[in-house]
Each structure stands twice: as C-alpha cells, then as structure tokens.
Amino acid sequence: AKIVIACQKGLRSLAACEQLSRAGYGAGMAWINGGCDSCRKGDLPTKDDIDIRYAGIGGMSELLGWTDVQREENKQLLGGSSGVIGFFVFVLAADIALWIYQGIVAYQETGVFKINF
C-alpha cells in the first residue's frame, strides 16, 4: 500500500478508509486491523525505529499513561493512575498546609485561630 490509515484502536481509521474509498481514493490504501495498539514493536517500519503503537496515543491517554504500550514501557507523564492519584494527594496536602498556615497567621494577628472556608 502507498498509504496506511491508522488510529489507536482501528475503528476510526476503518471509517476513514471507507469514506476515502467511496470518494474514489481506494487504490493503494490500507488500514491496520485493530489499530496501532494491536501492533508489536518492529511490525511496521517507522522513522528512527519508534514503536508504532505510540502513533495513536494522545490527549488524556498520553497524560495518564493507561495504554498498553505506556504501561509496558512505563512511559507516562504522571506515572499512570497511581501517579495521578499521588499528584492530587500532594495538591490536597499542600492546600491543607496553606489553610493551617493562614489560621496560624490569623491567630498571631487577632489572638483567634480562625480558618475561612
């Protein structure tokens, strides 16, 4: 095939191929059954031998790292779901510390430990 239409799971690329075929562009076109997720490293030649499974990853999937290839290679921005939970726990702890600090400052100024909600 001269051009390969691909997406992460294969459904959108199949729909795109069907539309392109109806529009007269069917010759020399192929799609990956099961999408990039169904490939293994080295199945398709890529520039700089980058794993083809990374081609369909983007948006929240890329951020959270919940695709198979990211879990296998542990290449997610926040370390997967546990990293995201850890990040939110850190933010919550920092918010509580700031809340307590503001209460202490208010106590030093007024003699009353006051925390605003």
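No experiment lies behind these values; they were computed from the predicted model shown.

## Topic: the overall build of the protein chain
No. 1: Counting its secondary structure elements, the protein chain contains 4 helices and 2 strands.
No. 2: Burial analysis of the protein chain (117 residues in total) assigns 25% to the buried set.
No. 3: Partitioning the intrachain contacts of the protein chain with sequence separation of at least 6 by distance along the chain shows that 29% fall at a separation of at least 24.
No. 4: Carbon and sulfur atoms make up 60% of the accessible area of the protein chain, which amounts to about 8600 Å² in all.

## Details of the packing of aromatic side chains
No. 1: Considering all chains together, one arrives at 1 aromatic pair under this definition.
No. 2: Taking the centre distance of 5.6 Å and the plane angle of 70° together, the rings of Phe87 and Phe88 count as edge-to-face.
No. 3: Residue Phe87 is classed as partly exposed on the basis of its relative accessible area of 41%.
No. 4: The exposed category is assigned to Phe88, whose relative accessible area is 55%.

## A closer look at helix H1 (residues 11–22)
No. 1: Compared with the 16 Å implied by 1.5 Å per residue over 12 residues, the 17 Å span of H1 between its first and last C-alpha is a close match.
No. 2: Just downstream of H1 lies Gly24, where phi reads positive at about 95°.

## Thoughts on the confidence of the model for the protein chain
No. 1: Across the protein chain, pLDDT averages 81, with 83% of residues at or above 70.
No. 2: Averaged pLDDT values over the elements of the protein chain bottom out at 69 in helix H2 (residues 59–64) and peak at 92 in H1.

## Digging into the state of the cysteines
No. 1: Following the criterion strictly, the structure yields 0 disulfides and no others.
No. 2: The thiol of Cys17 is unpaired, and the distance to the nearest cysteine sulfur, on Cys7, comes to 9.3 Å.
No. 3: With relative accessibility at 8%, the residue Cys17 sits in the buried group.
No. 4: Distance from the sulfur of Cys36, which forms no disulfide, to the nearest cysteine sulfur (Cys39) is 5.7 Å.
No. 5: By relative accessible area, which is 2% here, Cys36 ends up buried.

Thresholds applied
Residues numbered from 1 in each chain as written. Predicted model: local features only at pLDDT ≥ 70, side-chain atom pairs only at ≥ 80, totals over all residues. Heavy atoms only, no water. Helix = DSSP H or I, 4+ residues; strand = E, 2+ residues; numbered from the N terminus. Buried < 20%, exposed > 50% of the residue type's maximum accessible area, 1.4 Å probe, protein only. Contact = heavy atoms within 4.5 Å. Areas by Shrake-Rupley, 256 points an atom, 1.4 Å probe, with all protein chains shown as cover. Phe/Tyr/Trp six-rings, centres within 6.5 Å; stacked < 30°, edge-to-face > 60°. Expected span 1.5 Å × (residues − 1). pLDDT = per-residue confidence, 0-100. Disulfide = S-S within 2.5 Å.

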